[in-house]
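Fold and contact review
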Amino acid sequence: MLEITVKWLPFGTQAITLWPFVLYLPAAYADSCTRVHEAYHWHDALKWGVVPWYATYLIIGIFYIGRPAAKHPLEAPAYRAERKCRLEK
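The following paragraphs examine the structure supplied in this document. Computed from a predicted structure; not experimentally measured.

This brings us to the state of the cysteines. Applying the stated criterion to the full structure yields one disulfide. Between the sulfur atoms of C33 and its disulfide mate C85 the distance is 2.1 Å. A torsion of -75 degrees about the S-S bond marks the disulfide between C33 and C85 as left-handed. Placement of C33 in helix α2 (residues 32–48) and of C85 in helix α4 (residues 76–88) is noted, with a sequence separation of 52 residues between them. Considered together, C33 and C85 belong to a single accessibility category, that of buried residues.

Now the structure itself:
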């Protein structure tokens, strides 16, 4: 996993996994639980296969436009991992 901090990300996101990279705004990089969330995506894409994971993510995402990101089936487990991390702090 290649983690990189950047000054700007689209769509108001704090971090994004673009396999094999994970891009973070500086504050998000400093947040260990955000890093857990993105690591979940990175490993999930590796497990599924990168192209099938992203294709599935985008196709399913069409049905979740305007809904909370945590409801997206491929986001929900990453948000659970992030919430668990925050509770353990």
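After that view, the rundown keeps rolling.
What follows covers the nonpolar core. Among soluble globular proteins, nonpolar side chains are generally buried collectively. A15, V22, Y24, A28 and W42 together form the largest nonpolar core, which totals five residues. Setting aside chain neighbours within four positions, we find Y24 in contact with E3, I4, T5, V6, L9, Q14, A15, Y29, T34, R35 and E38.

Let's shift gears to α2. Between its terminal C-alpha atoms α2 stretches 24 Å, which fits the 24 Å expected from 17 residues at 1.5 Å a residue. Considered for burial, the residues of α2 that qualify are C33, T34, H37, E38, A39, H41, W42, D44 and A45. Those residues of α2 that are buried are in contact with β2 (15–18), β3 (21–24), α1 (26–30), α3 (50–62) and α4. The residue sitting at the N-terminus of α2 and contributing the capping side-chain oxygen is D31; that oxygen lies 3.0 Å from the backbone nitrogen of C33. Positive backbone phi, at 105 degrees, marks G49, one or two positions downstream of α2.

The rules we used
Residues numbered from 1 in each chain as written. Predicted model: local features only at pLDDT ≥ 70, side-chain atom pairs only at ≥ 80, totals over all residues. Heavy atoms only, no water. Disulfide = S-S within 2.5 Å. Helix = DSSP H or I, 4+ residues; strand = E, 2+ residues; numbered from the N terminus. Buried < 20%, exposed > 50% of the residue type's maximum accessible area, 1.4 Å probe, protein only. Core = buried A, V, L, I, M, F, W, Y, C linked by side-chain atoms within 4.5 Å. Contact = heavy atoms within 4.5 Å. Expected span 1.5 Å × (residues − 1). Polar contact = N/O pair within 3.5 Å; in protein donor to acceptor, adjacent residues only side chain to side chain.

Without other data, these values stay purely geometric and don't point to any function.
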